[in-house]
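Here are the chains, one letter per residue:
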Amino acid sequence: MSANVTELSRISALAEAHHARLVAVSKTKPSEDILAIYNANHKIFGENYVQELVEKQGILPKDIQWHFIGHLQTNKVKYIAPFISMIHSVDDLRLLKEINKQAARCHRTIDCLLQIHIATEETKFGMDENELVHLLKEVMVHPENYHQIRLCGLMGMATNTQDQELIKKEFQTLKALFGKVREKYVAHPPHFKELSMGMSSDYLIALEEGSTLLRIGSLLFGKRNN
Ligand SMILES: *Cc1c(COP(=O)(O)O)cnc(C)c1O
């Protein structure tokens, strides 16, 4: 077992001091490790893979708040819609529509973040500013198609680099975009309050730049093999 409860307390306290919350990213890690963190009074966990998440949700305590943070395929939304607390990785309208449809079938409202591409790596997912504005305008013009969705903010992943200045700039870009669209293109600005940014390697910079949701895996659970 490799869950680091000391790190959990340290990072949670730091997050709280910055008015941010911590998502413990447990992808690929066994349920015992998740329970160790849960038993240290932590309830928010993040997963990347639908099948793995559904299996874990079935056997772990029902008061865990599961956040989906990986790339989500439209045809898999139905499996997580009954229980998911927040989806961080919405990057197109088709996906948002499907989440709305599946949420309606479950009589739920699902909190969603819109993923923005801020890194230099092309392999990372997310929308650019134009795509984001297009999506938000569509939601404003046809709110009836999105009644079961609560748009709660933006998510981004910085470049995987040692260059702290570059990471800082990328987080600042995300925060600036957040402020801009929130004023102009969001129907319910009070709900639109989350900035999901910061992982094990860059969470200190993210907190300084205004993150409200840290997504931290390896510092809590140890290195992953894949
Ligand atoms: C895996 C993952 C994380 C956590 O990464 P660590 O470096 O282990 O903290 C955060 N966000 C996303 C989107 C991830 O896929």
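See the structure printed just above.
Structure report, in brief. (Residues numbered from 1 in each chain as written. Predicted model: local features only at pLDDT ≥ 70, side-chain atom pairs only at ≥ 80, totals over all residues. Heavy atoms only, no water.)

1. Focus: helix α1 (residues 5-17)
The following threshold applies: Strands here are runs of E lasting at least two residues and helices are runs of H or I lasting at least four, both read from the DSSP assignment and numbered beginning at the N terminus. How far a helix is expected to stretch is found by multiplying one less than its residue total by 1.5 Å. Burial here depends on accessible area, computed with a 1.4 Å probe over protein chains only, as a share of the maximum for the residue type. Under 20% is buried, over 50% is exposed, and the range in between is partly exposed. The arc in question is the one traced by the directions running from the helix axis out to the C-beta atoms. Polar contacts, as used here, are pairs of N or O atoms within 3.5 Å; protein pairs need one atom able to donate a hydrogen and one able to accept it. Residues neighboring in sequence count only if both atoms are side-chain atoms.
Between the first and last C-alpha of α1 there are 18 Å, a value that for 13 residues agrees with the 18 Å anticipated at 1.5 Å per step. Within α1, burial applies to Glu7, Leu8, Ile11 and Ala15. Projected onto a plane normal to the axis of α1, the buried residues spread over an arc of 100° and lie on a single side. Across from the buried face of α1, at angles greater than 90 degrees, the exposed residues are Thr6, Glu16 and Ala17. Between a side-chain oxygen at the N-terminus of α1 and the backbone nitrogen of Thr6 the separation is 3.2 Å; the capping residue is Asn4. Backbone geometry just after α1 places His19 at a positive phi near 55°.

2. Let's talk about the side chain of Glu98
For clarity, the threshold we go by: Contact definition: two residues touch when any of their heavy atoms are within 4.5 Å.
Looking at where Glu98 falls in the secondary structure, it is placed in helix α5 (residues 93-105). For Glu98, the residues in contact, after removing those within four places along its chain, are Thr74 and Val77.

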